[in-house]
Amino acid sequence: MLTSFWKFARRVCWIVFGLLLVWFAVSNRQPIILSLEPLGFLPAIPAYLLLFVGIFVGLFAAAGVTGWLRLKGFAKRRKAERRTDYLEGQVSALAEDAHQHRANKAHDAATEQAVLTK
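Let me sum up the structure you'll find in this document.

**Details of the overall build of the chain**
Then, number 1: On a plain count of helices and strands, the chain comes out with 2 helices and 2 strands.
Then, number 2: When the helices and strands of the chain are read in sequence order from the N terminus, they spell out α-β-β-α.
Then, number 3: Summarising its shape, the C-alpha atoms of the chain cover approximately 110 × 55 × 10 Å along the three principal directions.
Then, number 4: For the chain, with 118 residues in total, the buried portion stands at 6%.

Put into C-alpha coordinates, the structure is as follows:
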(Lines give C-alpha, C1' and ligand atoms only; values in the text may rest on other atoms or scores of the structure.)
Protein backbone atom coordinates (compact mmCIF):
# COMPACT_ATOMS: atom_id res chain seq x y z
CA MET A 1 0.00 0.00 0.00
CA LEU A 2 2.81 2.38 0.85
CA THR A 3 4.60 1.75 -2.45
CA SER A 4 1.46 2.56 -4.42
CA PHE A 5 1.24 5.88 -2.56
CA TRP A 6 4.82 6.73 -3.50
CA LYS A 7 4.17 5.77 -7.12
CA PHE A 8 1.17 8.07 -7.15
CA ALA A 9 3.16 10.88 -5.47
CA ARG A 10 5.98 10.47 -7.98
CA ARG A 11 3.56 10.67 -10.90
CA VAL A 12 1.95 13.78 -9.46
CA CYS A 13 5.38 15.40 -9.11
CA TRP A 14 6.23 14.60 -12.73
CA ILE A 15 2.91 15.99 -13.93
CA VAL A 16 3.45 19.19 -11.93
CA PHE A 17 7.00 19.44 -13.30
CA GLY A 18 5.73 19.00 -16.85
CA LEU A 19 3.07 21.65 -16.34
CA LEU A 20 5.71 24.01 -14.97
CA LEU A 21 7.85 23.42 -18.07
CA VAL A 22 4.89 24.14 -20.35
CA TRP A 23 4.14 27.28 -18.34
CA PHE A 24 7.80 28.35 -18.62
CA ALA A 25 7.79 27.73 -22.37
CA VAL A 26 4.61 29.74 -22.92
CA SER A 27 5.91 32.58 -20.74
CA ASN A 28 9.28 32.80 -22.54
CA ARG A 29 8.40 32.80 -26.22
CA GLN A 30 10.29 35.99 -27.04
CA PRO A 31 13.19 35.38 -29.39
CA ILE A 32 16.76 35.77 -28.23
CA ILE A 33 19.78 36.04 -30.48
CA LEU A 34 22.32 33.29 -30.01
CA SER A 35 25.76 34.59 -30.94
CA LEU A 36 28.14 32.11 -32.52
CA GLU A 37 30.88 34.69 -33.03
CA PRO A 38 33.52 33.06 -35.21
CA LEU A 39 30.89 31.66 -37.57
CA GLY A 40 29.01 34.91 -38.07
CA PHE A 41 25.75 33.03 -37.57
CA LEU A 42 23.19 34.78 -35.36
CA PRO A 43 20.01 32.68 -35.07
CA ALA A 44 16.99 34.05 -33.23
CA ILE A 45 15.46 31.28 -31.15
CA PRO A 46 12.89 31.26 -28.33
CA ALA A 47 14.36 31.39 -24.82
CA TYR A 48 12.63 28.20 -23.71
CA LEU A 49 14.09 26.29 -26.66
CA LEU A 50 17.61 27.29 -25.65
CA LEU A 51 16.94 26.09 -22.10
CA PHE A 52 15.43 22.78 -23.21
CA VAL A 53 18.25 22.11 -25.66
CA GLY A 54 20.76 22.79 -22.89
CA ILE A 55 18.97 20.43 -20.53
CA PHE A 56 18.80 17.63 -23.09
CA VAL A 57 22.43 18.06 -24.16
CA GLY A 58 23.40 17.80 -20.49
CA LEU A 59 21.25 14.71 -20.01
CA PHE A 60 22.71 12.97 -23.04
CA ALA A 61 26.26 13.88 -22.01
CA ALA A 62 25.65 12.51 -18.50
CA ALA A 63 24.09 9.34 -19.92
CA GLY A 64 27.09 8.87 -22.21
CA VAL A 65 29.60 9.30 -19.39
CA THR A 66 27.75 6.99 -17.01
CA GLY A 67 27.29 4.41 -19.78
CA TRP A 68 31.00 4.52 -20.54
CA LEU A 69 31.88 4.12 -16.85
CA ARG A 70 29.45 1.21 -16.52
CA LEU A 71 31.05 -0.52 -19.51
CA LYS A 72 34.48 -0.04 -17.97
CA GLY A 73 33.16 -1.48 -14.69
CA PHE A 74 31.70 -4.49 -16.50
CA ALA A 75 35.02 -5.07 -18.26
CA LYS A 76 36.94 -4.87 -14.96
CA ARG A 77 34.50 -7.23 -13.28
CA ARG A 78 34.74 -9.75 -16.12
CA LYS A 79 38.55 -9.60 -16.00
CA ALA A 80 38.46 -10.15 -12.23
CA GLU A 81 36.10 -13.12 -12.68
CA ARG A 82 38.43 -14.70 -15.24
CA ARG A 83 41.38 -14.13 -12.93
CA THR A 84 39.44 -15.67 -10.02
CA ASP A 85 38.54 -18.72 -12.10
CA TYR A 86 42.18 -19.14 -13.13
CA LEU A 87 43.43 -18.82 -9.55
CA GLU A 88 40.79 -21.23 -8.24
CA GLY A 89 41.99 -23.73 -10.84
CA GLN A 90 45.55 -23.21 -9.68
CA VAL A 91 44.54 -23.72 -6.03
CA SER A 92 42.68 -26.92 -6.96
CA ALA A 93 45.69 -28.20 -8.87
CA LEU A 94 48.01 -27.40 -5.97
CA ALA A 95 45.66 -29.10 -3.51
CA GLU A 96 45.48 -32.15 -5.74
CA ASP A 97 49.28 -32.21 -6.04
CA ALA A 98 49.62 -31.89 -2.25
CA HIS A 99 47.14 -34.72 -1.74
CA GLN A 100 48.99 -36.88 -4.29
CA HIS A 101 52.31 -36.04 -2.60
CA ARG A 102 50.94 -37.07 0.80
CA ALA A 103 49.52 -40.26 -0.69
CA ASN A 104 52.88 -41.11 -2.32
CA LYS A 105 54.71 -40.34 0.91
CA ALA A 106 52.34 -42.59 2.90
CA HIS A 107 52.70 -45.33 0.28
CA ASP A 108 56.49 -45.08 0.39
CA ALA A 109 56.43 -45.20 4.21
CA ALA A 110 54.14 -48.23 4.14
CA THR A 111 56.35 -49.94 1.58
CA GLU A 112 59.44 -49.18 3.64
CA GLN A 113 57.69 -50.49 6.78
CA ALA A 114 56.76 -53.66 4.93
CA VAL A 115 60.34 -54.17 3.77
CA LEU A 116 61.69 -53.62 7.29
CA THR A 117 59.27 -56.09 8.86
CA LYS A 118 60.24 -58.89 6.44
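**Remarks on the packing of helix H1 (residues 2-27) against helix H2 (residues 47-117)**
Each pair of packed helices can be described by the angle between their axes along with the distance between the axes.
Then, number 1: In the contact formed by H1 and H2, the axes pass within 7 Å of each other and the chain directions differ by 140°. Taken together, H1 and H2 sit at an angle that is classed as oblique. The segment H1 lies against H2, with Leu 21, Phe 24 and Ala 25 engaging Tyr 48, Leu 51 and Phe 52.
Then, number 2: Tallied by class, the residues present in the contact of H1 with H2 amount to 6 nonpolar, no polar and no charged.

**Here we look at the packing of aromatic side chains**
Then, number 1: As enumerated under the stated definition, the model contains 3 aromatic pairs in all.
Then, number 2: Arranged with centres 5.3 Å apart and planes meeting at 70°, the rings of Phe 5 and Trp 6 form a pair that is edge-to-face.
Then, number 3: A centroid spacing of 5.9 Å and a plane angle of 70° characterise the contact between Tyr 48 and Phe 52, whose relative ring orientation is edge-to-face. With Tyr 48 and Phe 52 both in helix H2, this residue pair falls 4 residues apart, about one helical turn.
Then, number 4: Among the residues examined, Tyr 48 registers a relative accessible area of 25% and is labelled partly exposed.

**Some thoughts on the environment of His 101**
Then, number 1: Looking at where His 101 falls in the secondary structure, it is placed in helix H2.
Then, number 2: Sequence spacing of His 101 and Leu 42 is 59 residues, and the spatial spacing of their C-alpha atoms is 83 Å.

About the criteria used
- Residues numbered from 1 in each chain as written.
- Predicted model: local features only at pLDDT ≥ 70, side-chain atom pairs only at ≥ 80, totals over all residues.
- Heavy atoms only, no water.
- Helix = DSSP H or I, 4+ residues; strand = E, 2+ residues; numbered from the N terminus.
- Buried < 20%, exposed > 50% of the residue type's maximum accessible area, 1.4 Å probe, protein only.
- Axes fitted to C-alpha atoms, helices over the stretch in contact; angles between N-to-C directions.
- Parallel < 35°, antiparallel > 145°, perpendicular 65-115°, else oblique.
- Contact = heavy atoms within 4.5 Å.
- Nonpolar A, V, L, I, M, F, W, Y, C, P; charged D, E, K, R; others polar.
- Phe/Tyr/Trp six-rings, centres within 6.5 Å; stacked < 30°, edge-to-face > 60°.

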